[in-house]
Every structure is written in C-alpha cells, then in structure tokens.
Amino acid sequence: MMSPNDHSANNEHGCGQRLRAAREAAGLSVAEVASRLKMRSRIIEALEAEDWEAIGAPVFVRGQLRSYSRLLGLPVQPVQMASGVRPIEPTPLVPRTQTPRMQRIADQVGGRLVYIVITALIILPVWVATQSHVAGIQDTAAPLDLPADKLAANVAPSEPASTEPTTVVASMASLPQRHAAAAAPALSLRFTGDSWVQIVAPDGHSVEEALLKAGDTRSYPASEVGRLVLGNASAVEVRSNGQVRDLAPYMRANVARFTVSSDGSLAPVSD
C-alpha cells in the first residue's frame, strides 16, 4: 500500500517527467521516439519539458500526449490529467427564433393570392381569344333557310393561289442556354476520427473553430475558405472539386496547414 508521503511525491512528478522516465526505461532516445511517432524531435522535447506553447493549441497537446503515452505503454488519461491541459468543450447549439404563427398564416395567404393572380393572368387572355374566334365563326355562317341563289351570291370567289415562292426569314436571336453555369467548386471535409478544426476566411475572419467527432462532415464554397488547420489530419478526408486531396505535403506532426484558392486548389501556408 502506498504511504501518504509516496503519494505526495508521485503527484509532484509532472507528465513530462513521467514520459521521460518511461522512455529512458524503455531504452529509447528522443530521435527514435520521434521516428516512430513521425514527429519532430523538438515536439518530443517540448512534451517532456511540458512546454505547451511550443506545440500549439490544447487539442494538439492532448493528441501528442495520447500518442506518446500509448507508445510507451502508459495510461493515457492520468498523463493528460497531469498535464493540466483541459479538453475543448463542443460549441453549444443555440436554437433559432421561431416564426410567429400570424406571420406564417400571412405568408401562406400571400402565396395563395399570388397563385390565383398568376392563374387568372394565364386563363383570361385564352378565354378572350376563344370568344373572339367563336364570334367570327357565327358572323360568317349563313342561315339554313337562305335560298340557294342568294347563298351562292354571298359566297365570295376564292382568290387564285399565288405561284410566287415564299420567303423564309431566319431569326438571328440567340438560342436559350441549355445548361446553367456550373456551381462554384466546393471544399468538403469528412471525419473518421476526432479532430480539431480551424477555418479562416480569405478576409481573415473565423468561419469555424471546433472539435469535431468521427462521422461529422462539413462543406464550404471554395470562395469562403482562405486557410485551414486540421488536428489529427490523418483522420480527415479533404475533397476539392470532387477529388480527394493528399494532405501529406501540408502535414507536420499529424497537423495539416494549408490555404485554399478561389478555384479550389490547395497550397501550403507560407511561413
């Protein structure tokens, strides 16, 4: 059983000292650990020195601690608790304001009135043209009791058919476009694991910054995205213009940083 003095001494050891002691006990150097975790040596040194500012956002610190602990066979949760870095809370969902009932009724009545007016504008000209055509037929029809000689007198002689060729004039009006313009290229993200995301618009304002879960998806017009930072980037599938993009050129320590141009192409962030 651990005495109170031993327990107090154990609490004095931070997560960085625990990681260093476990690494040395396993006979591994900093370079070997960095090679196995595919991280830079300075990240390993920062973890053991508990220099969180050198690593970045808290979600990156917790991710690196998790990977390092698993490699050394240490329990993940105690190491993360000893670091003092708290997890990022999900963004609270705020319900939208409900539309008043009277406004919904007014919108429905207005829609029906518009439908009635449009229907009347279509039917009225057709009805007027039909009535004019029927009246013309009635005026030209001869009464049934008219004598044959008068009926023949009322019949106008038919004009001889014209032998001149008919001139056909081709219209120079432009044909209507058959297809609408293609939609602007979109950037879509699909998450197979938990990942911290930071999305910045071309003008510098924040579009989204949150911890997303496995199974989440996001889609943005390419013109609204200027720069992205993806934590745990290996668990994120990025599609641009309908094609899956390789994030390896933009990844460092499993964190991808890149920019998005207006045509949907990706480029590394310039230092």
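Going by the structure above, here's the rest.
Source: prediction; values computed, not measured.

## Side note on helix α3 (residues 30–37)
All of the buried residues along α3 are V30, V33, A34 and L37. Along the axis of α3, the buried positions cluster into a sector of 100°, meaning they face one direction only. Opposite the packed face of α3, turned more than 90 degrees from it, sit the exposed residues A31, S35 and R36.

## Focus on the packing of aromatic side chains
A full pass over the atoms with the stated rule returns 2 aromatic pairs. A centroid spacing of 5.2 Å and a plane angle of 85° characterise the contact between F60 and W196, whose relative ring orientation is edge-to-face. Placement of the pair is F60 in helix α5 (residues 58–72) and W196 in strand β2 (residues 195–200), with a sequence separation of 136 residues.

## Topic: the nonpolar core
Among the nonpolar cores identified, the biggest contains 28 residues, and I44, L47, W52, F60, L65 and Y68 are the most heavily contacted of them. Among the elements of the structure, α2 (15–25), α3, α4 (41–49) and α5 are those that each provide at least two residues to this core. Broken down by element, this core gets its largest block of residues, 6 residues, from α5. Listed in part, the 20 residues of the second largest apolar core include L189, L228, L230 and Y250.

Rules used in this analysis
- Residues numbered from 1 in each chain as written.
- Predicted model: local features only at pLDDT ≥ 70, side-chain atom pairs only at ≥ 80, totals over all residues.
- Heavy atoms only, no water.
- Buried < 20%, exposed > 50% of the residue type's maximum accessible area, 1.4 Å probe, protein only.
- Helix = DSSP H or I, 4+ residues; strand = E, 2+ residues; numbered from the N terminus.
- Arc of directions from axis to C-beta.
- Phe/Tyr/Trp six-rings, centres within 6.5 Å; stacked < 30°, edge-to-face > 60°.
- Core = buried A, V, L, I, M, F, W, Y, C linked by side-chain atoms within 4.5 Å.

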